[in-house]
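# An overview of the molecular structure
Chain residues, written in single-letter form:
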Amino acid sequence: MDRHLVSIDVDRIDTEEKAEEVINKLRESIEYHNYRYYVLDDPIISDSEYDSMLIALRKLEEKYPSLLSPTSPTQQIGGEPRDSMGLVQHPIPMVSLKTIYEAEEVRKFDQTCREELELESVEYVAELKYDGLAVEIVYNDGKLSVASTRGDGTTGEDITANVKTIREVPLKIKQFSKILPPSQLVVRGEVYMSIDGFNKLNESRESEGLTLFANPRNAAAGALRQLDPTVTAERPLQIFVYAVAIAEGYSFKTQWEILETLRKWGLKTNIEMSRKCTGIDELLAYHEEMEQKRDELPYEIDGVVFKVNNLEQQEKLGMRSRDPRWAVAFKFKPRQGTTVLEDIIVQIGRTGKLTPVAVLKPVHIGGIEVTRASLHNQSEIDRKDIRIGDTVLVERAGDVIPQVVKPIKDIREGHEKKFRMPKKCPSCNSPTHTSEDKKLTRCLNIDCPAQLRRSIGHFASKMGMDIEGLGPKRINQLLDAGVIDGFLSLYEISVDDLVDLERFGKSSAQNLVKQIEKSKDKTLDRFIFALGIPLVGTQTAKILTDNFETIDDLMDATKDQLTDIDLIGPEVAKSIVDFFGEKRNRNLIKMLRKKGLELSNPKISGDKKLDGLTFVFTGALETLTRSEAKELVEIYGGKATSSVSGNTDYVVAGPGAGSKLDMAKELGITIFSEEEFLRFLKSNT
Ligand code: IVH
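Just so we're clear, the structure is a prediction, and the values are computed from it rather than from any experiment.

Taken in spatial order, the 4 strands make up an open sheet running E5-E4-E7-E8, and their pairing is antiparallel. Each edge of the open sheet is held by one strand with a lone partner, namely strand E5 (143–149) and strand E8 (237–247). Each strand of the sheet is rotated relative to its neighbour by a mean of 30°, with strand direction disregarded. Pairing of strand E7 (residues 184–193) with E8 involves 9 bridges; the strand directions are antiparallel. Bridge pairing in E8 places valine 187 opposite valine 244. Against the sheet, helix H6 (residues 216–224) touches strand E4 (133–140), E7 and E8, its axis set at about 130° to E7.

What follows concerns the packing of helix H3 (residues 103–117) against helix H9 (residues 279–293). Running from N to C, H3 and H9 cross one another at 140°; their axes reach a closest spacing of 10 Å. Here H3 is positioned oblique relative to H9, judged by the angle of their axes. Handedness of the crossing formed by H3 with H9: right-handed. Contacts between H3 and H9 involve Ala103, Val106, Arg107 and Asp110 on the former and, on the latter, Ile280, Leu283 and Leu284. Each residue belonging to the contact of H3 with H9 can be placed in one class, and the counts come to 5 nonpolar, no polar and 2 charged.

Turning our attention to the pattern of salt bridges. Going through the model one piece at a time under the given rule, you end up with 35 salt bridges. For the salt bridge of arginine 225 with glutamate 157, the shortest nitrogen-to-oxygen distance reads 2.8 Å. Of the two residues, arginine 225 is situated in the loop between H6 and helix H7 (229–234) and glutamate 157 in strand E6 (residues 155–157); the sequence distance between them amounts to 68 residues. Shared partners join several salt bridges into a network, and the residues in it are Asp385, Arg387, Asp390, Lys409 and Arg412.

Conventions used here
Residues numbered from 1 in each chain as written. Predicted model: local features only at pLDDT ≥ 70, side-chain atom pairs only at ≥ 80, totals over all residues. Heavy atoms only, no water. Pairing = 2+ DSSP bridges. Helix = DSSP H or I, 4+ residues; strand = E, 2+ residues; numbered from the N terminus. Axes fitted to C-alpha atoms, helices over the stretch in contact; angles between N-to-C directions. Contact = heavy atoms within 4.5 Å. Parallel < 35°, antiparallel > 145°, perpendicular 65-115°, else oblique. Left-handed = near helix turned anticlockwise from the far one by under 90°. Nonpolar A, V, L, I, M, F, W, Y, C, P; charged D, E, K, R; others polar. Salt bridge = Lys/Arg side-chain N within 4 Å of Asp/Glu carboxyl O.

Here is the structure:
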């Protein structure tokens, strides 16, 4: 790739012609690196190098709007929100698969295929059965044109804008060799959310006081059906493509060839986990192996799919009324168990939302002991008619929070008790309010200590101000001891306040104070996230810092100004305006800045203060990790390299530095300690 693309100076490009040339190169390079990252899982450049190309491209497209193209990688973030979903007719019906549960049925399936095809043995492709949502994506002349849900199989919902936000979905088909990709390509696959992505999403929803998703599949469905694609873009959706409905001008011979070719076109297929199998033993072995691997996979699967590999044979076998004869879905055993619901406790979230949680008699499900399960809200409890004392069916899916599926009503004994959300907050005893639909109960006291605990936790979290050592236990302890009562008081803590507390020694007290001090240097986007504005996740916080230079600019933004930003939808805009409309919040920010919070915004070009400077880090660092240090240099426009040469401007040396330090001395290069480096960064930015 063209390395120089990473450090392009957009301001120097002053003609449309030049811009067009650079834009094309940037797009090509970004598409290539998307492919390496998302499809091959094998990136060859750093995230910050990638980001700088994307930022340069976005700037150039802003400067020369006539060069903007709907398939540009910058368009992969979200589009305009809509009032309702349109409908899309599938060119060929989207059928589903026959589901089977027993090995015996696999035997029958194989037998029927062999008999019908009059063959001794049939080759199959065994694939995973992803637990997501089936989608269809149409590419016309190589460009993504329409994406839709399965719907009733004939007509689905138009989810084009949402699917475009999925990084793994290319907006353009990649051409390999000289042969053009098909003029029309219609592919099908499964959109899903990884377990990790799902857990993070729920964590952040919990801290924003929003209802939690029951499982990754529901979360993916919710994200796909969003009317506001900005919201979709915030959700970590992924895809596996597994079928071709139309490939104009192409005739594939096998399912395996389809998987391989789609990947070459830049579409994400899961060849690694798929396998060619012949005969019942190989099919059953695949099923068994995948059932065992199920818990290690980063995404949910609920079975495996067997497809006749040869497409002519598929054709011969044809269809039953609703599903093909040439494929079956062989499901895994569901991971469910029954146990007694001993109690229902209520948790309070950061925005005061009360959530009922089931306390279960410990039960082993799929090798894990389950003691708690989510009950969501009063409306869910009523709908399922769950009572304390009931024997309940509990389902676990991957790492996901277990769910109470239903009570076993037949064995009720009469002592079971209905549950009502408390009228008073279990933490502060203030009145609560339950919405009419009973889906949301809140504590109305904005100073509720339980809320405060959660908001401080969010503020200090890894993605927020990243205050190491300030976990939930410590926060509780400090609140209980009256050392803190909100964000502001964090910055007033002294070592003396801590040393007398239990489990605090001098060094851990000093350490915490140091970490809090360090958080003052955190960038604006982290701060915006840390504030805990409902609906503002890390992505949105970053988008905001791309568009507002300072926190003051953001605080004064109107709803129109916010929705004018391509990537911010009306709901998010309203939430931001409401948040900063509160005098308390504005005051808090003013006071925090008085405490010395920097809230610098390195994204704004004026802050590229290290432009043209090259740094080398050697020896041990104390406060920063090596990659944080490099990231800082890159954020401010500098370069961090690993070897000292005549091009090196500064060497940052810590304990244990050796030959690189000697070399720097020899060349007369300025040498910084880590502390001097950080001071330099501050004074220079
Ligand atoms: S092939 C005609 N392959 O399972 C074949 N489906 O009822 C069409 N699914 O609606 C589907 N993983 O949502 C196929 N590897 C896979 C799959 C898969 C999950 C879903 C798909 C479909 C349902 C089957």
